[in-house]
Amino acid sequence: MQPSPIVVRGHPLAGGRLPAVCAPLVARDADALEAEARTVAALQPDLLEWRVDFFTGLADAQAVVAAGRRVRAAAQGLPILFTRRSHREGGQSIPIGEAEVAGLYEALASQGLVDLLDWEMSGPEAELARVRALARARGLPLVLSFHDFHRTPDDAALRERFAHAHALGADVAKVAVMPQSLEDVHRLLGATLRASRELPIPVISMAMGELGAVSRVCGGVFGSALTFAVGGAASAPGQMPIADVRAAVAALQRASSG
Ligand SMILES: O=C1C[C@@](O)(C(=O)O)C[C@@H](O)[C@@H]1O
């Protein structure tokens, strides 16, 4: 069975080819963010990820919405994945709590400024339920994610992470790990292939750091629906430039489609 692509507002990302290429935006203020969005969009990834935990005006919801408008205008029609990565899972330290973060998601989504939502499945149940309801109400795909910036959980735990995302109501299940060996990278790819076959939703995975870089180009072959690549600045270790990822993915696709 062919792993499924992520569908946003009725259209499969990357025209349905796996993996779609997503470029993060990590600027700290609205001027820099707009400039980053414009520059990165010109490199033609399939979508942008706004990593709002990098935005220093995060505590001011109006400022975040205003910045979101500028990102939307600069994104040249590319879909926008909205992500607050918690400090616990490798993101920046932020001055607001979970309820306020969920409020930001509501503010951005209700203004139509974002197209997909990333939420960490390990967070408190109340906010997860709130963001899930928001995603459903607005018709936005919900990516439920898990990140381990230190190690790669064992096979059973990897399988459980993907399955747990689905059980919690994810439209997309995402797992990012830090490998300590090539065996860890191999296991992550194996777990991805299995999850992509077992679950009825698209899955995303990546092994981070230098050892994991290979997973960012071959992950699609193992069922990962999306890979992150650098347009302006990286948001995680091991990300490669968009052009390099595109070239490698295209070479694999040519070779495997005959
Ligand atoms: O979760 C992910 C994946 C990621 O951590 C990576 O390793 O490419 C980068 C993050 O920006 C994104 O939210």
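Residues numbered from 1 in each chain as written. Predicted model: local features only at pLDDT ≥ 70, side-chain atom pairs only at ≥ 80, totals over all residues. Heavy atoms only, no water.

**Points about the overall build of the chain**
Right, so step 1: When its secondary structure is counted, the chain shows 8 helices and 10 strands.
Right, so step 2: With respect to the principal axes defined by its C-alpha atoms, the chain has extents near 50 × 40 × 35 Å.
Right, so step 3: Taken as a whole, the chain presents about 10,600 Å² of accessible surface, with 56% of it coming from carbon and sulfur.
Right, so step 4: The centroid of the 25 positive side-chain charges in the chain is displaced by 5 Å from the centroid of its 27 negative side-chain charges. (Helix = DSSP H or I, 4+ residues; strand = E, 2+ residues; numbered from the N terminus. Areas by Shrake-Rupley, 256 points an atom, 1.4 Å probe, with all protein chains shown as cover. Lys, Arg positive; Asp, Glu negative; His and termini not counted. Charge placed at Lys NZ, Arg CZ, Asp CG, Glu CD.)

**Points about the nonpolar core**
Right, so step 1: Counting residues in each nonpolar core, the largest one holds 65 residues, and the members touching the most others are Trp50, Leu117 and Trp119.
Right, so step 2: Ranked by the residues each element gives to this core, the list is headed by helix H3 (residues 98–110), at 7 residues.
Right, so step 3: If near-sequence neighbours (up to four positions away) are discounted, Leu117 is found in contact with Leu81, Phe82, Tyr105, Val131, Leu134, Ala135, Leu140, Pro141, Leu142 and Val143.
Right, so step 4: Membership of the second largest hydrophobic core comes to 20 residues, among which are Ile6, Val8, Leu13 and Leu81. (Core = buried A, V, L, I, M, F, W, Y, C linked by side-chain atoms within 4.5 Å. Buried < 20%, exposed > 50% of the residue type's maximum accessible area, 1.4 Å probe, protein only. Contact = heavy atoms within 4.5 Å.)

**Quick look at H3**
Since one α-helical turn is 3.6 residues long, residues separated by three or four positions face the same way.
Right, so step 1: In a regular helix each residue adds 1.5 Å, so 13 residues correspond to 18 Å; H3 covers 18 Å between its end C-alpha atoms and thus fits that length.
Right, so step 2: Residues of H3 that are buried sit in contact with strand S4 (47–51), helix H2 (61–74), strand S5 (80–83), strand S6 (116–120) and helix H4 (125–138). (Expected span 1.5 Å × (residues − 1).)

**Concerning the UniProt feature "binding site: 3-dehydroquinate" (unreviewed entry) in the chain**
Right, so step 1: As annotated by UniProt and renumbered to match this structure, "binding site: 3-dehydroquinate" (unreviewed entry) occupies Glu49, Trp50, Arg51, Arg85, Arg216, Ser235 and Gln239.
Right, so step 2: Mapped onto the fold, Glu49 is located in strand S4.
Right, so step 3: The class for Glu49 is buried, based on a relative accessible area of 2%.
Right, so step 4: Setting aside residues no more than four positions away along its own chain, Glu49 makes contact with Cys22, Ala23, Pro24, Leu25, Leu81, Thr83, Arg85, Lys174, Phe228 and Ser235. (UniProt positions renumbered as here; feature names shortened; annotations may be inferred.)

**Brief notes about the confidence of the model for the chain**
Right, so step 1: Confidence along the chain averages 96 in pLDDT terms, with 99% of residues attaining 70 or more.
Right, so step 2: Scored by ipTM, the complex comes to 0.97, with pTM at 0.97. (pLDDT = per-residue confidence, 0-100.)

**Structural notes on helix H7 (residues 209–218)**
Right, so step 1: With 7 of 10 residues buried, H7 is to be regarded as a mostly interior element.
Right, so step 2: Of the residues making up H7, those classed as buried are Gly209, Gly212, Ala213, Ser215, Arg216, Val217 and Cys218.
Right, so step 3: Packing partners of the buried residues in H7 comprise helix H6 (182–198), strand S9 (203–207), strand S10 (226–228) and helix H8 (242–257).

**Observations regarding the sheet that holds strand S3 (residues 20–25)**
Right, so step 1: An order of S9-S8-S7-S6-S5-S4-S3-S10 is seen for the 8 strands of this open sheet, with the pairing classed as parallel. Looking at the sheet topology across the chains shown, the edges are occupied by S9 and S10. Adjacent strand axes in the sheet meet at a mean angle of 25° when their direction is disregarded.
Right, so step 2: H6 rests against strand S8 (172–177) and S9 of the sheet, and its axis sits at about 175° to S9. (Pairing = 2+ DSSP bridges. Axes fitted to C-alpha atoms, helices over the stretch in contact; angles between N-to-C directions.)

**Observations concerning the UniProt feature "active site" (unreviewed entry) in the chain**
Right, so step 1: Those residues carrying the UniProt feature "active site" (unreviewed entry) are His147 and Lys174 in this numbering. For the residues just named, distributed over 28 residues, the greatest C-alpha separation is only 8.4 Å, placing them together at one site.
Right, so step 2: Along the polypeptide, His147 turns up in strand S7 (residues 142–148).
Right, so step 3: Dropping the residues within four chain positions of it, His147 is found in contact with Arg85, Glu89, Glu120, Lys174 and Ala176.
Right, so step 4: Here Arg85 takes part through its side chain, which lies 3.1 Å from a polar atom of the side chain of His147. (Polar contact = N/O pair within 3.5 Å; in protein donor to acceptor, adjacent residues only side chain to side chain.)

**Focus: the side chain of Thr227**
Right, so step 1: Mapping Thr227 onto the fold places it in strand S10.
Right, so step 2: With near-sequence residues (within four places) excluded, Thr227 lies in contact with Pro19, Ala20, Val21, Cys22, Arg216 and Val245.

**A word on the packing of aromatic side chains**
Right, so step 1: Scanning all chains against the criterion turns up 4 aromatic pairs.
Right, so step 2: Residues Trp50 and Phe55 carry aromatic rings whose centres are separated by 6.0 Å and whose planes lie at 85° to one another, so their mutual orientation is edge-to-face.
Right, so step 3: Ring plane angle 90° and centroid distance 4.9 Å describe the contact between Tyr105 and Trp119, whose orientation is recorded as edge-to-face. Highlighted residues: Tyr105 in helix H3 and Trp119 in strand S6, separated in sequence by 14 residues.
Right, so step 4: A relative accessible area of 0% places Tyr105 in the buried class.
Right, so step 5: Given the relative accessible area of 1%, Trp119 is considered buried.
Right, so step 6: Clustering of aromatic rings is evident, with ring pairs tying together Trp50, Phe55, Phe82, Tyr105 and Trp119.
Right, so step 7: Its end group placed over the ring of Phe146, Arg161 keeps NZ or CZ at 5.2 Å from the ring centre. (Phe/Tyr/Trp six-rings, centres within 6.5 Å; stacked < 30°, edge-to-face > 60°. Lys NZ or Arg CZ within 6 Å of the ring centre and 35° of its normal.)

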